[in-house]
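Listed here are the chains, written in short residue letters.
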Amino acid sequence: MAFGVIHHFPGGTQEQYEASIRAVHPSREQLPDGQLFHAAGPVQDGWTIMAVHESRESWEDFRNNTLMPRMQAGIEGGFTTPPEETEIDIYNVQP
């Protein structure tokens, strides 16, 4: 079953997003293994990122082996605080 995660960074900016995404994605044109969808943009009080993975296991692998180690090491110019997180067991994904 597909699995979604929404990260909201209060006070986050596009510049912080760009620095962070460079550190955790293979390239601007390529998603991490197991990720099906990625979208991000400004909201009234910060920046929100939405991602859909093939499964909860795919998300946990990316989170535990790529995202968290790189964020904990510090990403120059990246987000400075952990996000508010919402997890979703995806019922329906349409292309």
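Below is a short write-up of the structure. These figures come from a predicted structure and were not determined experimentally.

The rules behind each value
Residues numbered from 1 in each chain as written. Predicted model: local features only at pLDDT ≥ 70, side-chain atom pairs only at ≥ 80, totals over all residues. Heavy atoms only, no water. Helix = DSSP H or I, 4+ residues; strand = E, 2+ residues; numbered from the N terminus. Buried < 20%, exposed > 50% of the residue type's maximum accessible area, 1.4 Å probe, protein only. Contact = heavy atoms within 4.5 Å. 1 Å grid on protein atoms, 1.4 Å probe; cavity = no way out; pocket = protein on both sides within 12 Å on 5 of 7 lines; lining within 4 Å. Points joined across faces, edges and corners; volume = space filled by probe spheres on them. Nonpolar A, V, L, I, M, F, W, Y, C, P; charged D, E, K, R; others polar. Expected span 1.5 Å × (residues − 1). Bend = angle between axes of the 7 residues up to and from the residue. Pairing = 2+ DSSP bridges.

## What to know about the environment of P83
Phase 1 of the analysis: For P83, the location among the structural elements is in the loop between helix 2 (56-73) and strand 4 (84-89).
Phase 2 of the analysis: Overall, P83 belongs to the partly exposed group, its relative accessible area being 25%.
Phase 3 of the analysis: For the pair P83 and W47, spaced 36 residues apart in sequence, the C-alpha separation works out to 9.5 Å.
Phase 4 of the analysis: If sequence neighbours within four positions are ignored, P83 has contacts with H7, H8 and F9.

## Thoughts on empty space enclosed by the protein
Phase 1 of the analysis: Evaluated as defined, the whole model comprises one cavity of 30 Å³ or more.
Phase 2 of the analysis: When its volume is computed, the largest cavity comes out at roughly 200 Å³.
Phase 3 of the analysis: What lines the largest cavity is a set of 19 residues, among which H7, I21, H38, I49 and L67 lie closest to the centre.
Phase 4 of the analysis: Elements represented by at least two residues in the lining of the largest cavity include exactly strand 1 (3-10), helix 1 (14-24), strand 2 (35-43), strand 3 (46-53) and helix 2.
Phase 5 of the analysis: Class assignment for the residues of the lining of the largest cavity results in 14 nonpolar, five polar and no charged.

## A word on helix 2
Phase 1 of the analysis: With 18 residues, helix 2 ought to run about 26 Å at 1.5 Å a step, and its terminal C-alpha atoms sit 24 Å apart, in line with that.
Phase 2 of the analysis: Along helix 2, the sharpest kink reaches roughly 45°, centred on R63.
Phase 3 of the analysis: Each element contacted by the buried residues of helix 2 is listed here: strand 1, helix 1, strand 2, strand 3 and strand 4.
Phase 4 of the analysis: Residue G74 follows helix 2 closely and has a positive phi angle near 95°.

## Re the side chain of S58
Phase 1 of the analysis: Checked against the element boundaries, S58 lands in helix 2.
Phase 2 of the analysis: Residue S58 is classed as buried on the basis of its relative accessible area of 10%.
Phase 3 of the analysis: Those residues in contact with S58 that sit more than four places away from it in its chain are D33, G34, Q35 and H53.

## A word on the pairing of strand 3
Phase 1 of the analysis: The element strand 3 is largely enclosed, with a buried count of seven among its eight residues.
Phase 2 of the analysis: For strand 2 and strand 3, the ladder comprises eight bridges, and the chain directions are antiparallel. The residue of strand 3 that forms the bridge with F37 is V52.
Phase 3 of the analysis: The hairpin formed by strand 2 and strand 3 contains two residues between the paired strands.

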